[in-house]
Amino acid sequence: MAFTTMVGARIRRREDPRLITGRATYVDDVKQVGTVYAAFVRSPYGHAKLLKVDISAAKAHPAVLAAYTGDDLHHAQGLKTSLPVAHKMADLKTPPHYMLAIDEVRVVGEAVAVVIADTAYAAKDAAELVEVEYEQLPVVVDPLKAMEGPPYVHSSLGTNVAFRMPFAAGDTEAAFAAADEIIKQRIVNQRVAPVSIEPRSMVANWDAGMQQLTLYSSTQIPHLLRTQLAVVLGMSENHIRAIAPEVGGGFGGKLNVYAEEFVISWIATQLERPVKYIETRSESFQAMIHGRDQIDDLEIACKRDGTITGLKLRIVGNLGAYHQLLTPVIPTLTLLMAPGCYRIANIQAEVVGVFTNTMSTDAYRGAGRPEATFFIERAMDLVAQRLGLDPVEVRRKNFIPNTAFPHTTSTGLTYDSGDYETTMDKALNIVDYAGLRKRQAELRKEGRYLGIGLSTYVEVCGMGPSAAMPAAGWDSATIRVEPTGSITVLTGVSPHGQGQETTFAQIVADELGVPIDSINVIHGDTDKVQYGVGTFGSRGTAVGGAALKLAIETIQAKAIKIAAHAWEANPDDVEYRDGKIGVKGDPSRSMTTAEAGFMAFMGDNLPPGLEPGMDATRRFEPPNFVFPFGTHVCVVEVDAQTGQVEFVKYLAVDDCGRLLNPMIVEGQVHGGIAQGLSQAMFEEVVYNDDGQLLTGTLMDYAIPHAEQVPHYDLDHTVTPTTVNPLGIKGIGEAGTIGSTPAVANAVMDALAPFGVVHIDMPLKPEKLWLAMHAKTGNGRAR
Amino acid sequence: MIPAAFDYVRASSVDDAIRLLGEHGDDAKLLAGGHSLIPMMKLRLAAPATLIDITGIPQLDAIRVEGNRVTIGALTKHAALAASDALKKSAPALWDAANQLGDPQVRNRGTIGGASAHGDPSADYPAVLLALDATFTLIGKGGERKLPAGEFFRGMFDTALGAGEVLTAISFDAAPKSAYVKYHHPASHYAVVGSAVALTLNDGSIGAARVAITGVGDAAFRAGRVESALAGVRAGDDDAVAAACAGAASGQDARSDTFASGAYRAAMADVFTARAVAQAAGR
């Protein structure tokens, strides 16, 4: 281990000066001469036959260069008929998903035509001239209805069920037969929208001389995007460059490849002009993937002392109308994490993926795991309530003990390390749990309703071992020691807010003993950076950082050889110490990495057989996932007159292993809590029965302002992992996963005196008010 | 967010604005701050052929308190109202509304005249201006006319402002015992319910009360029954105030949306009206 000065320190993010002074380059800041603009014509109906798509009037608009329909692209031009979906499922139904609709539209916002004009304004004007005749077809938006029979989203399938995945571990029937109590509860995890501040944005250019396509896209996965462009457009991948410049938020919404990216790329090759498309917020609500949307039916078997002995589970995932990149995979991740941090040996489950006339669901911060954490953490409280036990004690009774790691769960994951009880006890001490319970009892006498909610979550991240992923799970890093001593880092992950330009530089600064300002971390450009898988699943540092550590080791090994040769010493006697190369036991000799790098560049004094130059590219294949965990405690007061919720306290004690930069960790936790809390309280994508999107603007769809979220108290424990050489676990999604159930449990706890057992999210005041007034008529429990 | 094409002209005076309105006809809209109009244009829900920018007209942005009379220029920005100590003393209900309206960007650009003339059924000012029994000064080709708030606000996005007219000022008598209490919509931050109350107190008992509510019906409305019921009630008697405020939205066809049903809105009208009474009485 190197002498640590930077790692572990609260280094300010090196990304921030450009971001907060308006000097960052987002896609819309990319200005290219001759740029033309795309506008998409989108379906106003949830399901309809396309009788006619007439683009002639749009083409006649004086500013229009071209316009295309689905028939043009797929029939006349022969473009591949289906967009990609990554999965390893045996019996998945994969109906065609065209770039532009052919014959039928199946979701509001599905693109039916595209118009290209000199300006974005003219393109929009001309798009309004496209004449589309629709014949409306029956719509289904409710996955439970859709499972049962017609109307079918894809009539050729004769079903709306895309897949069924049964699962069984242990002897669940025996556990239920022997149970003292069986608790049944349906828990709906509502549909939400990622709402990245920068919507989907892209500009494609075709260099006819070089025969090169360049696509700037606001994406989390530039290399995977490049590969898919090659596959779908039938182009040679080495003539495609994908660039993710500054990305204004992703949250999984940009862990995808979208029809629009292929359409404008193809059009750029036809027109030999740069083609830009920046979607509007309303389009983003319609056509960027949504998250969650599961109906989870639970049956919990337990003993009178709170021990959970079995779980029956049906997970119904509303997939939307089509598969996007990972759509069917998401609900299967929920099953994997169903046991949470508890010993539940007997599980009987079925995961069902269902098509409906809604936008595709896909990875959204947490991606399948928050749904599991939500229901299992609600289940702990349901058990406590039924048995008259404290929710803390039910958790304690069921925790996987810290002596049992690595621990293989009944769903087949191997948790690397964990100490759930220590983290929970730390949180309970900080909030003075006993004092809170006392205060709650006092306030109830005054007709005030305080609620205390816990979430003791564990999540799977550091995605992931390639064998367990729908596509490659490794990542890469290159380090170049430049002749003048500065160091270039090329990372295969694609940070867009996670701060790896800072944390990766911290690691390199310590290990190679160079000033942090001499390190430049480059990412997001497939022509600069070796192939990398990208940023998602809390993997940036846990996988990309691990690859960087391997590259550092390779550089160090070469520098040691060079120094040993210069000193005529045995390389075995030379080592890196406090970031410098030296001879063991001889403090008089030392050499910096830069000096060794310069010698490697000059090439005239190298050990025989050693190549000149000093760079290294390494890849890290994670042997396992990592499993960060923690305890979140939320305290709320519910106003009995209105049902409005006031946050009294929020504490998160997280354990993500070793902290490289506590400030960045805290930033990730803050944002994560805000997003998870917002699902609990505010957010919901609503389609009506006709398939119309009722929450299509930020006037209707609530994301919280600063005053709508509480102050966060943060703390942590440190339980390292051996899965990667950095001993870290990933923290990007933990806040989102941990917070939602903590908030919901707090609200349900507040309403317990009214006999409330469960209310589905979002916990809108009206629902709470109705629950408080339904029995008493006056909002008073006594 | 790409609006349709439009022309843009600047008016140098009220007369100039009236002339331009005459010239450009029904397809023209006045731009007084734009924080309602521009978002609608971006969504192409509104597509005026011409915007007549009146924000440069001088002397329409003053807050004047003369004796018991308060006059506010129509181009006064929300932020100016929110920062006005004179307004806080003379008509705290309007000060409350200005402080809770929109966000800093909206408050720094939007104007009381523009917001009023827009006639949004969930806007804050209509309730306050009804409770203050404000007078609206409108100037058109035929000269000046004055309308009480009750006649100015007519319905959903519908006011008495004529096609060729400019709203220049809003005035009202000082109402130091007034308050506006708002239930914020979590997304739009418009009023789910907003209740404005102006009281006179005699020895701790409510004398006259004017009560107006926004966010519930097609337009803000005076809650006449509550006003009568409040007369004579001791302001400190929470139960009596609550009883007087019961059914504040009766007679209204309360609106429903994805956040709140009509029944809940109506129930909250009672709660927020009682809270506004308590706050006004405490001032």
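None of the values given here were measured: they were computed from a predicted structure. (Residues numbered from 1 in each chain as written. Chains lettered and ligands numbered in written order. Predicted model: local features only at pLDDT ≥ 70, side-chain atom pairs only at ≥ 80, totals over all residues.)

Thoughts on the overall build of chain A
Here comes step 1: Secondary structure summary: chain A contains 20 helices and 28 strands in total.
Here comes step 2: Residue burial in chain A is summarised as follows: out of 782 residues, 56% are buried.
Here comes step 3: Within chain A, residue pairs in contact and separated by at least 24 positions form 80% of the contacts whose partners lie at least 6 positions apart. (Helix = DSSP H or I, 4+ residues; strand = E, 2+ residues; numbered from the N terminus. Buried ≥ 20, exposed ≤ 12 C-beta atoms within 10 Å, placed from the backbone. Contact = placed C-beta atoms within 7 Å.)

Concerning the overall build of chain B
Here comes step 1: For chain B, the count of helices and strands is twelve helices and 14 strands.
Here comes step 2: The 283 residues of chain B split such that 52% are buried.
Here comes step 3: In chain B, 65% of the contacts between residues at least 6 apart in sequence involve partners at least 24 apart.

Remarks on the nonpolar core
Here comes step 1: With 346 residues, the main nonpolar core has A:Val115, A:Ile116, A:Val508, A:Val747 and B:Ala93 as its most contacted residues.
Here comes step 2: The dominant element in this core, judged by the number of residues it contributes, is helix H16 (residues 540–567) of chain A, at 13 residues. (Core = buried A, V, L, I, M, F, W, Y, C linked by C-beta atoms within 7 Å.)

A look at the interface of chain B and chain A
How big an interface is tends to be expressed through the accessible area that disappears when the partners come together.
Here comes step 1: Contact with chain B, which involves 15 residues of that partner, is made by 22 residues of chain A.
Here comes step 2: Residues of the side of chain B that touches chain A, tallied by class, amount to twelve nonpolar, three polar and no charged. (Nonpolar A, V, L, I, M, F, W, Y, C, P; charged D, E, K, R; others polar.)

What to know about the domain arrangement of chain A
All names here are of chain A.
Here comes step 1: Each domain of chain A was delimited in the assignment, giving domain 1 (36–137 + 200–278), domain 2 (367–461 + 625–768) and domain 3 (465–620).
Here comes step 2: Computed over C-alpha atoms only, the centres of domain 1 and domain 2 are separated by 39 Å.
Here comes step 3: The partner domain 2 presents five residues to the five residues of domain 1 that form the contact.
Here comes step 4: Split by residue class, the side of domain 1 that touches domain 2 holds two nonpolar, three polar and no charged. (Domains from an automatic or database assignment.)

Overview of the domain arrangement of chain B
Residues and elements named next belong to chain B.
Here comes step 1: Here chain B is partitioned into domain 1 (7–53), domain 2 (63–173) and domain 3 (178–281).
Here comes step 2: Listed per partner, the contact involves twelve residues of domain 1 and 19 residues of domain 2.
Here comes step 3: It is helix H1 (residues 14–24) that contributes the most residues to the side of domain 1 that touches domain 2, five residues altogether.
Here comes step 4: Class assignment for the residues of the side of domain 1 that touches domain 2 results in six nonpolar, five polar and one charged.

Structural notes on the pairing of strand S2 (residues 28–31) of chain B
All names here are of chain B.
Here comes step 1: Because side chains alternate across S2, one face comprises the buried residues Ala28 and Leu30, and the other comprises Lys29 and Leu31, equally buried.
Here comes step 2: Judged from the four bridges that link them, S2 and strand S3 (residues 50–53) form a sheet pairing that is parallel. Within S3, the position partnered with leucine 31 by the bridge is aspartate 53.
Here comes step 3: The parallel pair S2 and S3 is bridged by helix H2 (residues 37–42), and the resulting crossover is right-handed. (Pairing = 2+ DSSP bridges. Right-handed = clockwise from strand over helix to strand, strands pointing away.)

What to know about the sheet that holds strand S10 (residues 212–217) of chain A
Residue and element names in this part refer to chain A.
Here comes step 1: A sheet is described by the order of its strands in space; here seven strands give the open sequence S3-S5-S1-S12-S9-S10-S11, paired in mixed fashion. Every other strand in the sheet has two partners, leaving strand S3 (64–69) and strand S11 (240–243) as the edge strands with one partner each. Across the sheet, the axes of successive neighbouring strands diverge by a mean angle of 20 degrees, strand direction being ignored.
Here comes step 2: Across four bridges, the pairing between strand S9 (residues 201–207) and strand S12 (residues 275–278) is antiparallel. If you follow valine 203 over to S12, its bridge partner there is lysine 276.
Here comes step 3: Helix H7 (residues 222–233) contacts S10 and S11 of the sheet and is inclined by roughly 145 degrees relative to S11. (Axes fitted to C-alpha atoms, helices over the stretch in contact; angles between N-to-C directions.)

Looking at the packing of helix H15 (residues 500–512) of chain A against H16(A)
All names here are of chain A.
Here comes step 1: Running from amino to carboxyl end, H15 crosses H16 at an angle of 25 degrees, the nearest separation of the two axes being 11 Å. Relative to H16, the element H15 is oriented roughly parallel. Of the two elements, H15 crosses H16, and the hand of that crossing is right-handed. On the side of H15, the interface is formed by Gln500, Thr503, Phe504, Ile507, Val508, Glu511 and Leu512, while H16 contributes Gly540, Thr541, Gly544, Gly545, Leu548, Lys549, Ile552 and Ile555. (Parallel < 35°, antiparallel > 145°, perpendicular 65-115°, else oblique. Left-handed = near helix turned anticlockwise from the far one by under 90°.)

Section: the pairing of strand S10 (residues 166–173) of chain B
Residue and element names in this part refer to chain B.
Here comes step 1: With six of its eight residues buried, S10 lies for the most part within the structure.
Here comes step 2: The pairing of strand S5 (residues 69–73) with S10 spans five bridges and is antiparallel. The partner of glycine 73 across the bridge, within S10, is alanine 169.
Here comes step 3: Bridge count between strand S6 (residues 135–140) and S10: five bridges; the pairing is antiparallel. Across the sheet, residue isoleucine 139 finds its bridge partner in S10, namely valine 166.

Describing the sheet that holds strand S13 (residues 205–214) of chain B
Residue and element names in this part refer to chain B.
Here comes step 1: Pairing is antiparallel across the open sheet formed by four strands, whose spatial order is S11-S12-S13-S14. With partners counted over all chains shown, the strands left at the sheet margins are strand S11 (178–184) and strand S14 (221–222), one partner each.
Here comes step 2: In the sheet, S11 pairs with strand S12 (residues 191–202) via seven bridges, with the strands oriented antiparallel. Directly across from histidine 184, in S12, lies its bridge partner alanine 191.

Topic: the environment of A:Ala60
Here comes step 1: With respect to the helices and strands, the residue A:Ala60 is situated in helix H2 (residues 56–60).
Here comes step 2: It is 57 Å that separates the C-alpha atoms of A:Ala60 and A:Ala742, two residues lying 682 residues apart in sequence.

Examining the environment of B:Leu87
Residues and elements named next belong to chain B.
Here comes step 1: Along the polypeptide, leucine 87 turns up in helix H4 (residues 85–90).
Here comes step 2: In this structure leucine 87 comes out as buried when scored by C-beta crowding, with 23 C-beta atoms within 10 Å.
Here comes step 3: Sequence spacing of leucine 87 and methionine 156 is 69 residues, and the spatial spacing of their C-alpha atoms is 28 Å.
Here comes step 4: Apart from residues lying up to four places away in sequence, leucine 87 is in contact with Ile63, Leu81, Leu94 and Trp95.

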